[in-house]
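# Remarks on the overall topology
Here is how the chains run, residue by residue.
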Amino acid sequence: SLAGNSSAGTSMSQTELEKKRKEQFLMFTRVLMKYLEQRDKEVHTRAKTQIKECYEKNKAGDPNFASLTISMKSTLRAVVGEVYWKKAEDYLQHFLQSKKGQLKEKEMMKRQQQQQQQLPPTHPQQQPQQPQQQPQQHPQHPQQQLPQQQQPQQHPQQPPQQPPQQRVQQAQYM
(Lines give C-alpha, C1' and ligand atoms only; values in the text may rest on other atoms or scores of the structure.)
Protein backbone atom coordinates (compact mmCIF):
# COMPACT_ATOMS: atom_id res chain seq x y z
CA SER A 1 0.00 0.00 0.00
CA LEU A 2 1.30 3.43 -0.90
CA ALA A 3 -0.79 5.30 1.70
CA GLY A 4 1.95 5.01 4.32
CA ASN A 5 4.75 6.25 2.07
CA SER A 6 6.54 9.46 2.92
CA SER A 7 9.27 11.23 1.06
CA ALA A 8 12.31 12.60 2.90
CA GLY A 9 10.48 12.63 6.23
CA THR A 10 7.51 14.71 5.03
CA SER A 11 4.18 13.12 4.16
CA MET A 12 2.94 13.24 0.57
CA SER A 13 -0.01 15.49 -0.22
CA GLN A 14 -3.33 13.90 -1.15
CA THR A 15 -2.92 14.87 -4.82
CA GLU A 16 0.59 13.36 -4.91
CA LEU A 17 -0.75 10.13 -3.41
CA GLU A 18 -3.59 10.03 -5.92
CA LYS A 19 -1.18 10.63 -8.79
CA LYS A 20 1.10 7.86 -7.49
CA ARG A 21 -1.86 5.45 -7.22
CA LYS A 22 -2.92 6.26 -10.78
CA GLU A 23 0.61 5.65 -12.09
CA GLN A 24 0.79 2.34 -10.19
CA PHE A 25 -2.60 1.26 -11.53
CA LEU A 26 -1.61 2.23 -15.06
CA MET A 27 1.52 0.06 -14.75
CA PHE A 28 -0.55 -2.75 -13.28
CA THR A 29 -3.05 -2.51 -16.16
CA ARG A 30 -0.24 -2.73 -18.71
CA VAL A 31 1.19 -5.82 -17.00
CA LEU A 32 -2.27 -7.40 -16.72
CA MET A 33 -3.08 -6.77 -20.38
CA LYS A 34 0.27 -8.11 -21.56
CA TYR A 35 -0.18 -11.21 -19.41
CA LEU A 36 -3.73 -11.77 -20.71
CA GLU A 37 -2.63 -11.22 -24.31
CA GLN A 38 -0.21 -14.12 -23.96
CA ARG A 39 -2.26 -16.33 -21.63
CA ASP A 40 -5.94 -15.92 -22.52
CA LYS A 41 -6.89 -14.04 -25.71
CA GLU A 42 -10.63 -14.15 -25.00
CA VAL A 43 -10.31 -12.57 -21.54
CA HIS A 44 -7.82 -10.06 -22.99
CA THR A 45 -10.41 -8.96 -25.57
CA ARG A 46 -13.15 -8.61 -22.91
CA ALA A 47 -10.81 -6.63 -20.63
CA LYS A 48 -9.87 -4.31 -23.49
CA THR A 49 -13.55 -3.70 -24.25
CA GLN A 50 -14.24 -2.98 -20.57
CA ILE A 51 -11.38 -0.44 -20.39
CA LYS A 52 -12.80 1.41 -23.44
CA GLU A 53 -16.31 1.47 -21.93
CA CYS A 54 -15.01 2.88 -18.62
CA TYR A 55 -13.04 5.53 -20.48
CA GLU A 56 -16.02 6.57 -22.63
CA LYS A 57 -18.41 6.75 -19.64
CA ASN A 58 -15.87 8.82 -17.72
CA LYS A 59 -15.53 11.24 -20.66
CA ALA A 60 -19.32 11.44 -20.99
CA GLY A 61 -19.52 12.60 -17.35
CA ASP A 62 -21.23 9.52 -15.87
CA PRO A 63 -21.04 10.05 -12.07
CA ASN A 64 -20.45 6.31 -11.52
CA PHE A 65 -17.26 6.64 -13.58
CA ALA A 66 -15.99 9.97 -12.18
CA SER A 67 -12.82 8.24 -11.02
CA LEU A 68 -11.52 6.30 -13.97
CA THR A 69 -9.04 4.42 -11.78
CA ILE A 70 -11.68 3.20 -9.29
CA SER A 71 -14.24 2.30 -11.94
CA MET A 72 -11.67 0.45 -14.08
CA LYS A 73 -10.27 -1.41 -11.10
CA SER A 74 -13.62 -2.85 -10.04
CA THR A 75 -14.88 -3.71 -13.54
CA LEU A 76 -11.55 -5.16 -14.73
CA ARG A 77 -11.22 -7.31 -11.63
CA ALA A 78 -14.68 -8.74 -12.25
CA VAL A 79 -13.87 -9.45 -15.94
CA VAL A 80 -10.45 -11.10 -15.49
CA GLY A 81 -11.10 -12.93 -12.20
CA GLU A 82 -8.97 -13.29 -9.08
CA VAL A 83 -6.44 -15.78 -10.49
CA TYR A 84 -5.33 -13.53 -13.37
CA TRP A 85 -5.55 -10.44 -11.15
CA LYS A 86 -3.24 -11.98 -8.55
CA LYS A 87 -0.80 -13.21 -11.23
CA ALA A 88 -0.55 -9.70 -12.70
CA GLU A 89 0.05 -8.24 -9.22
CA ASP A 90 2.86 -10.75 -8.67
CA TYR A 91 4.45 -9.94 -12.03
CA LEU A 92 4.26 -6.22 -11.31
CA GLN A 93 5.88 -6.67 -7.88
CA HIS A 94 8.63 -8.79 -9.41
CA PHE A 95 9.22 -6.17 -12.09
CA LEU A 96 9.37 -3.32 -9.55
CA GLN A 97 11.72 -5.28 -7.27
CA SER A 98 14.13 -6.07 -10.11
CA LYS A 99 14.00 -2.46 -11.28
CA LYS A 100 14.69 -1.28 -7.73
CA GLY A 101 17.63 -3.71 -7.49
CA GLN A 102 19.04 -2.47 -10.79
CA LEU A 103 18.79 1.14 -9.62
CA LYS A 104 20.57 0.29 -6.35
CA GLU A 105 23.28 -1.57 -8.28
CA LYS A 106 23.81 1.39 -10.64
CA GLU A 107 23.97 3.78 -7.67
CA MET A 108 26.56 1.59 -5.92
CA MET A 109 28.70 1.41 -9.06
CA LYS A 110 28.46 5.18 -9.47
CA ARG A 111 29.60 5.72 -5.86
CA GLN A 112 32.50 3.31 -6.31
CA GLN A 113 33.64 5.14 -9.44
CA GLN A 114 33.46 8.48 -7.62
CA GLN A 115 35.49 7.09 -4.71
CA GLN A 116 38.11 5.67 -7.06
CA GLN A 117 38.44 9.03 -8.80
CA GLN A 118 38.97 10.79 -5.46
CA LEU A 119 41.62 8.39 -4.13
CA PRO A 120 45.21 8.60 -5.32
CA PRO A 121 46.36 5.49 -7.19
CA THR A 122 47.75 2.81 -4.87
CA HIS A 123 50.72 2.18 -7.16
CA PRO A 124 52.06 4.90 -9.39
CA GLN A 125 51.67 4.13 -13.01
CA GLN A 126 54.94 4.17 -14.85
CA GLN A 127 55.16 6.67 -17.64
CA PRO A 128 56.31 5.12 -20.89
CA GLN A 129 59.89 6.13 -21.37
CA GLN A 130 60.73 7.87 -24.59
CA PRO A 131 63.63 6.32 -26.45
CA GLN A 132 66.81 8.27 -25.93
CA GLN A 133 68.16 9.87 -29.03
CA GLN A 134 71.15 7.91 -30.25
CA PRO A 135 74.05 9.98 -31.53
CA GLN A 136 74.24 9.78 -35.29
CA GLN A 137 77.14 7.82 -36.68
CA HIS A 138 79.24 8.84 -39.64
CA PRO A 139 77.99 6.82 -42.65
CA GLN A 140 81.45 5.72 -43.80
CA HIS A 141 83.09 5.44 -40.38
CA PRO A 142 80.54 3.93 -37.97
CA GLN A 143 82.89 4.31 -34.96
CA GLN A 144 83.00 8.12 -35.41
CA GLN A 145 80.07 10.08 -34.11
CA LEU A 146 78.81 13.17 -35.83
CA PRO A 147 78.40 16.22 -33.61
CA GLN A 148 74.78 16.90 -32.79
CA GLN A 149 73.47 20.03 -34.39
CA GLN A 150 72.68 22.68 -31.85
CA GLN A 151 70.46 25.63 -32.47
CA PRO A 152 71.98 28.93 -31.36
CA GLN A 153 70.13 30.23 -28.33
CA GLN A 154 68.34 33.49 -28.94
CA HIS A 155 67.25 36.13 -26.48
CA PRO A 156 63.46 36.40 -26.18
CA GLN A 157 63.51 40.13 -26.95
CA GLN A 158 65.63 39.79 -30.10
CA PRO A 159 63.87 38.94 -33.36
CA PRO A 160 64.87 35.59 -34.84
CA GLN A 161 67.96 35.75 -36.99
CA GLN A 162 67.28 35.51 -40.68
CA PRO A 163 69.65 34.83 -43.53
CA PRO A 164 71.22 38.06 -44.90
CA GLN A 165 69.34 37.83 -48.21
CA GLN A 166 65.94 37.92 -46.48
CA ARG A 167 67.00 40.88 -44.32
CA VAL A 168 67.91 42.84 -47.42
CA GLN A 169 64.64 41.99 -49.16
CA GLN A 170 62.61 43.02 -46.13
CA ALA A 171 64.51 46.29 -45.86
CA GLN A 172 63.63 47.14 -49.46
CA TYR A 173 59.89 46.76 -48.83
CA MET A 174 59.77 48.76 -45.60
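Before any of the text, the structure's been laid out above.
Keep in mind that what you see is a predicted model, and the values were worked out from it rather than measured.

Cut-off values and rules
- Residues numbered from 1 in each chain as written.
- Predicted model: local features only at pLDDT ≥ 70, side-chain atom pairs only at ≥ 80, totals over all residues.
- Heavy atoms only, no water.
- Phe/Tyr/Trp six-rings, centres within 6.5 Å; stacked < 30°, edge-to-face > 60°.
- Helix = DSSP H or I, 4+ residues; strand = E, 2+ residues; numbered from the N terminus.
- Buried < 20%, exposed > 50% of the residue type's maximum accessible area, 1.4 Å probe, protein only.
- Axes fitted to C-alpha atoms, helices over the stretch in contact; angles between N-to-C directions.
- Left-handed = near helix turned anticlockwise from the far one by under 90°.
- Contact = heavy atoms within 4.5 Å.
- Salt bridge = Lys/Arg side-chain N within 4 Å of Asp/Glu carboxyl O.

Turning our eyes to something else, we now look at the packing of aromatic side chains. Counted according to the given criterion, the structure contains four aromatic pairs. Considering the side-chain rings of Tyr35 and Tyr91, the 5.4 Å spacing of their centres and the 45° angle between planes classify their relative orientation as tilted. With Tyr35 in helix H1 (residues 14-39) and Tyr91 in helix H3 (residues 68-118), the pair connects residues that are 56 residues apart, well separated along the chain. The buried category is assigned to Tyr35, whose relative accessible area is 10%. Aromatic ring contacts, followed pair by pair, group Phe25, Phe28 and Trp85 into a single cluster.

Time to look at the packing of H1 against helix H2 (residues 41-59). Put simply, H1 and H2 touch, their axes get as near as 6 Å, and they point 145° apart. Remark: the crossing between H1 and H2 carries left-handed chirality. Across the interface between the two elements, Thr29, Met33, Leu36, Glu37 and Arg39 from H1 touch Lys41, Val43, His44, Ala47, Lys48 and Ile51 from H2.

This brings us to the side chain of Thr29. Here Thr29 shows up in helix H1. The exposure class assigned to Thr29 is buried, which follows from its relative accessible area of 10%. Beyond its immediate sequence surroundings of up to four residues, Thr29 is in contact with Ile51 and Leu76.

Below, the discussion takes up the pattern of salt bridges. One pass over the full model with this rule turns up five salt bridges. Here Arg21 and Glu18 are joined by a salt bridge, their closest N and O atoms 3.4 Å apart. Residue Arg21 and its partner Glu18 are both found in helix H1; the two are separated by three residues, about one turn of the helix. Among the residues examined, Glu18 registers a relative accessible area of 31% and is labelled partly exposed. Here Arg77 makes a salt bridge to Glu82, at a shortest N to O gap of 2.9 Å. Its relative accessible area of 34% is what places Arg77 among the partly exposed residues. Using a relative accessible area of 48% as the deciding quantity, one classes Glu82 as partly exposed.

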